[in-house]
Amino acid sequence: MSNTKTVRPYLDIKAQIEGRCSEILLLLGINPLAMATQITCPVAEHHAGRVSFRVNPVTNRYFCAHCQPKGASLVDLVIQLGKAESFAAAADYLRAGLDIKPQKTPLQALGDMPDPLAQIISKKHGDHPVQTDDGDPVNDIPLFEQQITAMLDAANPANLHPYSLHRRFAPLGARATDGGNLLIPAHDHAGNLCGLLQISLQGKHLVVSDGRLMGAASTLGQFKDARVIAATLDWESQVVLHTVYGGMPIIGYLTPDNALLAVDEFLTSATKEIWVFAGPRDVPELQAGMTLYANNNDLKLKWFSTKEPDYSIAYAKKLGSFPHPT
Ligand SMILES: [Zn+2]
């Protein structure tokens with residue numbers, strides 16, 4: 001990777017605004033009290049000015065009980081407030097407002113990237129104590145991270161699970177609830193839990209996130225020092241490809257619009273190639289977008305596609321062992 005590479009807009013802005021929440025709120029004309037309590041939503045009027053909006057200064061994300069989506073990053077908030085039309089423009093708006101100088105830093109090596117699962121497990125043991133309800137109504141909405149951490153916490157490692165048994169693969173990276181739902185955590189490159197994919201016993205998918213995943217993804221394999229990293233939409237595809245390719249590090253980006261952000265999030269200085277395993281639910285523009293991204297970042301792109309719903313089905317069909325749906 002060349003040292004002059006500067007095209008990492010998403011990861012860059014996240015790092016650049018770290019710890020600067022109060023300044024951002026001042027810049028946007030929002031009462032900084034939002035970092036501690038709920039205030040009237042600055043995005044839209046809801047229910048006669050009911051207080052519903054707050055900001056998490058640690059994650060730089062906002063949350064509003066009545067907005068749709070319910071929350072997103074502070075960069076997205078710039079767009080929601082009509083101060084920019086795109087993510088890139090919003091990032092520039094913040095850089096200008098906070099006097100962040102453009103920098104030509106090489107890709108930061110993620111050599112000390114923590115094991116995401118270990119992080120999730122350590123979080124359960126008190127790094128992020130669940131807010132106690134002291135009777136103050138502003139504490140009634142627990143932080144989203146705490147909710148999904150609690151969901152994972154209440155689940156058990158998925159061993160022999162009917163859904164993955166039916167699909168003939170191991171439920172790698174998943175936990176299972178008492179009710180039989182599979183939970184697959186989506187985290188960012190630093191291991192922060194940002195969302196969940198929930199799969200019911202019948203195979204119904206639900207992505208649980210507060211707004212957009214913003215590059216957070218399900219991951220399998222070691223990304224540190226990996227020359228090739230792969231990406232695919234579905235967790236099912238991810239598990240099968242990871243297994244078939246002998247442990248290849250692979251991202252499950254979980255929603256079609258999260259593909260580029262997720263690749264950008266998990267790229268390291270060692271990455272030279274991106275392999276994308278596309279399927280019928282991917283957006284048609286993905287290949288063009290990924291090609292441009294690869295060119296901008298001096299990466300080789302390998303493109304695969306299947307007409308099957310996902311690669312676990314494609315693989316099982318090739319084996320001639322795909323069971324009939326129950
Ligand atoms: Zn709102």
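(A) Summary view of the environment of Asn297. Here Asn297 shows up in the loop between α10 (286-296) and β14 (300-305). Judged by the 19 C-beta atoms lying within 10 Å of it, Asn297 falls in the partly exposed class. In the structure, Asn297 is positioned 26 residues away from Thr271 in sequence and 9.9 Å away in space, judged by C-alpha atoms.

(B) Local environment of helix α2 (residues 21-28). Regarding α2, the residues found buried are Cys21, Ile24 and Leu25. Down the axis, α2 shows its buried residues gathered within 100 degrees of arc, on one side only. In this fold, the buried residues of α2 make contact with β2 (51-56), α3 (74-80) and α4 (87-97). Of the residues flanking the end of α2, it is Gly29, one or two places downstream, whose phi is positive at about 75 degrees.

(C) How the structure looks around the nonpolar core. Judged by nonpolar contacts, the single largest core of 72 residues is most densely connected at Ala217, Ala231, Ile251 and Ala262. Leave out the neighbours within four places in its chain, and Ala231 touches Ile250, Ile251, Tyr253, Ala259, Ala262, Val263, Ile274 and Val276.

(D) A look at helix α6 (residues 144-154). Taken residue by residue, α6 has Phe144, Ile148 and Thr149 as its buried positions. The buried residues of α6 occupy an angular sector of 130 degrees when the element is viewed end-on, so they sit on one face.

(E) Main features of the sheet that holds strand β7 (residues 182-187). Spatially, five strands are ordered β5-β6-β7-β8-β9 in an open sheet, and the strand pairing comes out antiparallel. The sheet is open, and its two edges are formed by β5 (156-157) and β9 (205-209), each paired on a single side. Summarising the sheet, strand β6 (residues 175-176) and β7 pair through two bridges and their orientation is antiparallel. From the neighbouring strand, Arg175 faces β7, where its bridge partner is Leu183. Contacting β6, β7, β8 (193-199) and β9, α6 runs over the sheet at an angle of about 45 degrees to β8.

(F) Representation of the sheet that holds strand β11 (residues 228-232) in the model. In spatial order, the strands read β10-β12-β11-β13-β14; together these five strands make up an open sheet with mixed pairing. Two strands lie at the open edges of the sheet, namely β10 (218-220) and β14, each paired on one side alone. Across the sheet, the mean angle from the axis of one strand to that of its neighbour is 20 degrees, orientation sign disregarded. The pairing of β11 with strand β12 (residues 250-252) spans three bridges and is classified as parallel. For Ala230, the partnering residue across the bridge sits in β12 and is Ile250. Against the sheet, helix α9 (residues 259-266) touches β10, β11, β12 and β13 (273-278), its axis set at about 155 degrees to β11.

The rules behind the values
- Each chain carries its own residue numbering, running from 1 in the written order of its sequence.
- Under the rules for a predicted model, residues below a pLDDT of 70 receive no local features and side-chain atom pairs below 80 are neither given nor counted, while totals for whole chains, interfaces and linings still include all residues.
- Numbering of helices and strands starts at the N terminus; helices are DSSP runs of H or I of at least 4 residues and strands are runs of E of at least 2.
- Note on burial: count the other C-beta atoms lying within 10 Å of the residue's C-beta; 20 or more is buried, 12 or fewer is exposed, in between is partly exposed, and C-beta positions come from the backbone.
- In this description, the arc belongs to the directions extending from the helix axis to the C-beta atoms.
- Contact between two residues is assigned when their C-beta atoms, built from the backbone, lie within 7 Å.
- For this analysis, nonpolar core means a set of buried Ala, Val, Leu, Ile, Met, Phe, Trp, Tyr and Cys residues linked through C-beta atoms within 7 Å.
- In this scheme, strands are said to pair when DSSP sees at least two bridges between them.
- Whenever a helix is involved, its axis is fitted only over the stretch in contact; in every case the axis is a line through C-alpha atoms, and angles between N-to-C directions fall within 0 to 180 degrees.

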